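For reference, the chains in residue letters:
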Amino acid sequence: MLIVKALSKRFGTKQAIADLSLTLEEGHIFGLLGTNGAGKSTLLRVMGGILRADTGSVCLDEASVYENPAAKRKICYLSDEPTFLGSASLAEMGRMQAAYYPEYSESKLKTLCERFALPMHERITSFSKGTQKRAQICLGLALNPRVLLCDETFDGLDPVMRDSFKRVLSEETVDRGLITVLAGHNQQEMEDICDSVGFLHEGRLVCSGDLDALLGDVHRVQMIPTDETTDEVLAALGPLRMQRQGRLYMMTFRGDREQLEQKLSALQPLFMEFLPLSLEEVFILEMEDRGYAQH
Amino acid sequence: MRSTKGNATRFLLRRNLFIGVIVFLIAFYMMPVWGLSHIPNAGTLAKDPLASEMMAAEIAKTVSTQVMTDPLNLEMMVILYGWLGFMTAMMLMRHLFSRRQSMLQAALPDRRETDFLRRYVGYAVLCLAPIVINFLLYLLVVAANGLLSYVMWDTLLAKFGRLLLINFYGFAMGMLSSVLTGTWWAAMLMGAVLIVGMEGLAGLWYSVAGKYLHTLVSTSFTDMLLRLSPAYTLYKGFYRPAEFGCWPGVVAAVLALALSLLLYRVRRTERAERTLAFDGLQPVLSVVLSLMGGTILGIVLLLSFTTDISLIVGMVLGAVLTFWVCQIVFAQRLCGILRHWALPTASAAVLLLGWALLYTDALGYDRYLPARGQLTAISYTPRGYDTGERITLTNKEALDAAYDWCTLMRDEVDSYDSGTPASSMYSGSDVIVTYQMGSRRVYRHYPNNAMRTEAQGSLKCVIESDDYRQSIIDQYQLDSGYVSQMYISTVNAVLDQDAFFEKFNIRMLYRSYERQKDGVVIDLLLEALRQDILDRTLDDKQEMPLLEVDLQIDLPDSNASFEQVSIYPGDEHFLRALFGEQMEEVVRYASGGFADSEDIVVLKVDYTQSYAEIRQFATDLRDIVASVTLARTQEEARQWMAKAQETSADQHYYMPYREDKPLKRLYVYQMSMVEKYAHFYGYKVPQDKAELYANPEIPSMMTLDYVGED
């Protein structure tokens, strides 16, 4: 279990992470969504023991991660900018990993490289950006980590590769109980693969939890109320959003769906329909609620 | 499972193997290649059955020391090996200069201290080991040529050890510089500041102090540097290991490594690509650099405009501008620099305070004179025209006389106006005095100018003291038997070397102990010289020397040194030993009798200005002629010549001060030569000999200052 407790990190005057706590369990994929500069990369780097937290802690199985080789051997951080040793090939990077990670499997790297059509002995820096991403993921998976921290890892991959990697990731998560954190902006991808998600804004985790629960907590309703039902009556129900197009109202609510349905039915609308919400829409709602990019 | 740590170290070594290859190639050129090109020649010499002891010593020197000094010149060897260590450190720590590589490194499951030690091992394998291997290869070359028995192991190993130490010091400074900074250029700049920054600042201030403190001694600053500066002791100690300990270098290197380790452990990963890795460094470094910048600009403006105000303006401007430039460099952006005023103002204020202290000599540096009771000895070394004496006086009478002389010199300095450039006070008669009070020594550099006339009594007592005479005898090794060669020559223009020795039938000017019969002559002449030195008076020394004797002294365990000894007309023992019965004739001839010839014409030219005025205003002598007098008789010419001195002799530290008196000069013409060159140079020889001086194209045979009364 990876536990992040009351974590704070500051860069000069900028508060990158503020009092953030989070618990991640084995066999789960956690999606970390956030606006630009929300602190996703910083959080992942602190979780990977790369950056030192100002306050708080990151513990894997109750052992602090920072400056703890035993814990760090179980963690793999895949940076948003794939970084390799200068002029190294995948084989040489593999040798480096073998020197530091006891769980590293060269055969696994070879298998992955064959599967994803990567040459083992060519300079990685000569690869295209997408191929470098593939190489980075293969190297990361070959470490057989217990925690995989992916920072916008699937960005730049073509849809076929993205799908393949997602499948590999799912297999690893299920088979080995891998804890995976996926940070990025692609909500659709998160929705497809993640078990739970968290929204990060200005260094704070504003909302997190099981994906189904998160999606089930926010509802969009399309309805045509009676003439007697005024805007004030509808507003009294506490919608997060309310838009009107002619007689048709589009409203978004947070809370229990059954109770909401009862309240709205009590108004005897002429037409009422519950529409599904995507994760992206929930994310936008959450961010707008916190004053991000409101117009 | 294989050892992870072992693998990681091996991986680091393999990744950085190119460093080892470069170091190996450089050291290979410096040692085995140099050996291959030089040792065989020495081997050939060694096989020569007639090889002398001296040749054996030369071979031993070739195989034992020259490999450490010859391949490049000495300074370059020191710098190169230090630089190799420094660059190895920077290359091994290069991940600190790239944000991405820094992250990659920090993600690895490795403790910082383990990682640090791994890089230290990297240095030992990739830098030290190639140097040591090449040293062994060099020894192989020596052995292959059968010269191993010539190797002076203690000398060779001491020099090689120093070389390794210099390399290690460079590495330690490179590690510290890399950890403190986040970019390549910042690390190099930091290295320069760490290695020579304080010494540089001290040196700059020494040059400023030299302008205002008239008695400041350059050697005392060098001595201080030698004692305290790790870089300087390592640099100097490489070729003079017996004189300079290596402890400052060792201590500094170990401290730098320890500090690097401590800082590396707490260094934040995100500091890569930032100029400085620690926030607290910024103000400290800004102030240090602004102090240096202010001093440099001040000195540059002073050299350009030569006024105190230019120095002040330069210091203030330099301090403030350098501080702001530092802010731009450290923050890597332009805006906001003008918000910083307090620290640059403080830096400028410190510089101005330093200047004011020097200008007013607020600490009484120039006025200092130890109490007579504290003194156990006074030593002095002339710095102007007499550079050959190193005198130490300890007995009461001599010490009292020297103290009186020093008091006069101190008072003279005290009479100078504040801000008078010290350098303008030195006219060639200056001396460096060392006051010894028990184990404590204080050095002062006195111009020793106008007060010399007043000090004649004290100087006479000093120069005629037993201490002075014994110091001279010790310096020339006249009692020790270490003089191995001597060469006798006439001094400057007074006497033509060949003509003079031919005239008095002296054949052998060069004597060496290597020739058996010369040994007896050398011993005889040295004993005579010793006797003369014991008898010499101040009056003797104030006459124009006849001869100069060059002595080569071969002290045991030391390189040969050379001394020049003047022989005066009063040095009867030496002159008699050299010239025998002709001695009186020689002295008469050399001290004026030379002019007792129809072929010689002597003119005395009186000028309207003193030598001091001439020097001050750079006057052309021909513009200030008061009178030209022709020696009416050969006897008068001889008398004038007897009261003449070389033109620079007036500035010997023991001569009376004459620079304030109108200059009088003798121009000696050899008529046969004047007539011989008349056609060649196209001048006409005047009938009236007094007009010879009027034509500057007519060459005089010699020019001497006339110091006698009219």
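Model, not experiment: these values are computed from the prediction.

**Remarks on the overall build of chain A**
Part 1 of the reasoning: Across its full length, chain A carries 11 helices and 14 strands.
Part 2 of the reasoning: At a minimum sequence separation of 6, the contacts of chain A that also span at least 24 residues come to 70%.

**Notes on the overall build of chain B**
Part 1 of the reasoning: Looking only at helices and strands, chain B has 25 helices and 13 strands in total.
Part 2 of the reasoning: Projected onto the principal axes, the alpha-carbon positions of chain B cover approximately 110 × 75 × 65 Å.
Part 3 of the reasoning: By the burial criterion, 36% of the 710 residues in chain B qualify as buried.
Part 4 of the reasoning: Contacts spanning at least 24 positions in sequence make up 76% of the contacts within chain B whose residues lie at least 6 apart.

**Quick word on the sheet that holds strand β6 (residues 75-78) of chain A**
All names here are of chain A.
Part 1 of the reasoning: Taken together, the 6 strands give an open sheet; going across it, the order is β6-β7-β8-β3-β9-β10, and neighbouring strands pair in mixed fashion. At either margin of the open sheet sits one strand with a lone partner, and together these are β6 and β10 (204-210). For this sheet, the mean angle separating the axes of adjacent strands, direction not counted, is 15°.

**Describing the interface of chain B and chain A**
Part 1 of the reasoning: With 20 residues of chain B at the interface, the matching set in chain A holds 21 residues.
Part 2 of the reasoning: A per-element tally of the side of chain B that touches chain A places helix α5 (residues 99-107) of chain B first, with 6 residues.
Part 3 of the reasoning: Split by residue class, the side of chain B that touches chain A holds 9 nonpolar, 4 polar and 7 charged.

**Overview of the nonpolar core**
Part 1 of the reasoning: Counting residues in each nonpolar core, the largest one holds 86 residues, and the members touching the most others are Y169(B), A172(B) and M175(B).
Part 2 of the reasoning: If near-sequence neighbours (up to four positions away) are discounted, A172(B) is found in contact with A253(B), A256(B) and L257(B).
Part 3 of the reasoning: Core analysis: the next-biggest nonpolar cluster, separate from the first, contains 81 residues, Y104(A), C138(A), L211(A) and A107(B) among them.

**Details of the sheet that holds strand β2 (residues 14-24) of chain A**
Part 1 of the reasoning: Within the open sheet, the 4 strands sit side by side as β2-β1-β4-β5 (chain A). Their pairing is antiparallel. What marks the edges here is a single partner per strand, and that holds for β2 and β5 (63-64) of chain A.

**A short note on the domain arrangement of chain B**
Part 1 of the reasoning: Entries for chain B in the domain assignment read domain 1 (4-278), domain 2 (372-471), domain 3 (480-581) and domain 4 (593-706).
Part 2 of the reasoning: For domain 3 of chain B versus domain 4 of chain B, the distance between C-alpha centres works out to 29 Å.

**Structural notes on the domain arrangement of chain A**
Interfaces are often described in size by the accessible area the parts lose on coming together.
All names here are of chain A.
Part 1 of the reasoning: Taken domain by domain, chain A consists of domain 1 (2-209) and domain 2 (217-289).
Part 2 of the reasoning: Of the residues lining the interface, 11 residues belong to domain 1; the matching set on domain 2 comes to 6 residues.
Part 3 of the reasoning: Of all the elements in the fold, those that place two or more residues in the side of domain 1 that touches domain 2 are α7 (187-193), β9 (196-201) and β10.
Part 4 of the reasoning: Of all the elements, α7 adds the most residues to the side of domain 1 that touches domain 2, at 4 residues.

**A look at the packing of helix α7 (residues 153-180) of chain B against helix α8 (residues 184-212) of chain B**
Residues and elements named next belong to chain B.
Part 1 of the reasoning: At a minimum axis separation of 8 Å, α7 and α8 run at an interaxial angle of 130°. Classified by the interaxial angle, the pair formed by α7 and α8 is oblique. The interaxial crossing formed by α7 with α8 has right-handed handedness. Every residue of α8 that contacts α7 at M173, G174, L176, S177, S178 and L180 is listed here: A187, M190, G191, L194 and I195.

**A short note on the pairing of strand β5 (residues 483-490) of chain B**
Residue and element names in this part refer to chain B.
Part 1 of the reasoning: Both β5 and strand β7 (residues 547-553) contribute to a ladder of 7 bridges, which runs antiparallel. Paired with Q485 across the bridge in β7 is Q552.
Part 2 of the reasoning: Here β5 pairs with strand β6 (residues 510-512) via 3 bridges, running antiparallel. By the bridge assignment, M486 is partnered in β6 with R511.

**Some thoughts on the packing of helix α21 (residues 572-579) of chain B against helix α22 (residues 583-590) of chain B**
Helices that pack against each other are described as a pair by the angle of their axes relative to one another and the distance between those axes.
All names here are of chain B.
Part 1 of the reasoning: Running from N to C, α21 and α22 cross one another at 110°; their axes reach a closest spacing of 9 Å. When the axes of α21 and α22 are compared, the pair comes out roughly perpendicular. For α21 against α22, the interelement crossing comes out right-handed. Listed contacts from α22 to L575, R576 and F579 of α21 are M583, V586 and V587.

**Let's talk about helix α24 (residues 634-642) of chain B**
Part 1 of the reasoning: If you check which residues of α24(B) are buried, you get A637(B), R638(B), W640(B) and M641(B). When α24(B) is viewed along its axis, its buried side chains cluster within an angular range of 160° and face the same direction.

**Some remarks on unusual backbone geometry**
Residue and element names in this part refer to chain B.
Part 1 of the reasoning: Even without glycine at this site, E273 takes up a positive phi of about 70°.
Part 2 of the reasoning: Looking at the secondary structure, you find E273 in the loop between α11 (247-266) and α12 (281-305).
Part 3 of the reasoning: On the basis of neighbour count, E273 is assigned to the partly exposed category, with 16 C-beta atoms found within 10 Å.
Part 4 of the reasoning: Despite not being glycine, T306 has its phi angle at roughly 55°, a positive value.
Part 5 of the reasoning: Counting through the fold element by element, T306 comes out in the loop between α12 and α13 (308-331).

**Brief notes about helix α11 (residues 279-289) of chain A**
Part 1 of the reasoning: Along α11(A), the residues that are buried comprise L279(A), V282(A), F283(A) and M287(A). All buried residues of α11(A) fall inside an arc of 130° around its axis, so they share one side.

**Considering the confidence of the model for chain B**
Residue and element names in this part refer to chain B.
Part 1 of the reasoning: With 95% of its residues at a pLDDT of 70 or more, chain B has an overall mean of 88.
Part 2 of the reasoning: Of all secondary-structure elements in chain B, the lowest mean pLDDT belongs to helix α9 (residues 218-228), at 72, while helix α16 (residues 456-463) reaches the highest, 96.
Part 3 of the reasoning: Scored below 50 in pLDDT, residues 1-6 makes 6 contacts in the model with residues more than four places away or belonging to other chains.
Part 4 of the reasoning: Across the interfaces of the predicted complex, the ipTM metric reaches 0.85, alongside a pTM of 0.76.

**Remarks on the environment of V521(B)**
Part 1 of the reasoning: Here V521(B) shows up in helix α19 (residues 516-535).
Part 2 of the reasoning: Counting along the chain gives 449 residues from V521(B) to L72(B), while the straight-line C-alpha distance between them is 42 Å.

**Here's the deal with the environment of G49(A)**
Residues and elements named next belong to chain A.
Part 1 of the reasoning: Among the structural elements, G49 can be located in the loop between α1 (40-47) and β4 (55-60).
Part 2 of the reasoning: Given 25 C-beta atoms within 10 Å, G49 falls into the buried group.
Part 3 of the reasoning: The residues contacting G49, other than those within four sequence positions of it, are V65, Y66, N68, A71, K72 and I75.

What counts, and where the lines are drawn
Within each chain, residue numbers correspond to sequence positions counted from 1 in written order. Numbering of ligands from 1 and lettering of chains from A proceed in the order in which they are written. Confidence filtering applies because this is a predicted model: local features only for residues at pLDDT of at least 70, side-chain atom pairs given and counted only at 80 or more, and all residues used for totals across whole chains, interfaces and linings. Each helix corresponds to a stretch of at least 4 residues labelled H or I by DSSP, and each strand to a stretch of at least 2 residues labelled E; elements are numbered beginning at the N terminus. Each residue is represented by a C-beta atom placed from its backbone, and any two residues with such atoms within 7 Å are regarded as in contact. Exposure is read from a count of other C-beta atoms within 10 Å of each residue's own; the residue is exposed at 12 or fewer, buried at 20 or more and partly exposed in between. C-beta atoms are placed from the backbone. Only strands that DSSP links by at least two bridges are regarded as paired with each other. Note on method: axes are straight lines fitted to C-alpha atoms, helices fitted across the in-contact stretch only, with angles between N-to-C directions ranging 0 to 180 degrees. Any residue that is not Ala, Val, Leu, Ile, Met, Phe, Trp, Tyr, Cys, Pro, Asp, Glu, Lys or Arg is counted as polar, Gly included; the first ten are nonpolar and the last four charged. In plain words, the nonpolar core is the set of buried Ala, Val, Leu, Ile, Met, Phe, Trp, Tyr and Cys residues that C-beta atoms within 7 Å link up. What fixes the domain bounds is an automatic or database domain assignment. What sets the label is the angle itself: under 35 degrees gives roughly parallel, over 145 gives roughly antiparallel, 65 to 115 gives roughly perpendicular, and the rest give oblique. Two helices that cross are described as forming a left-handed crossing if the nearer one is turned anticlockwise from the farther one by less than a right angle, and a right-handed crossing if clockwise. This arc is built from the directions going out from the helix axis to the C-beta atoms. pLDDT expresses, on a scale from 0 to 100, how confident the predictor is about each individual residue.

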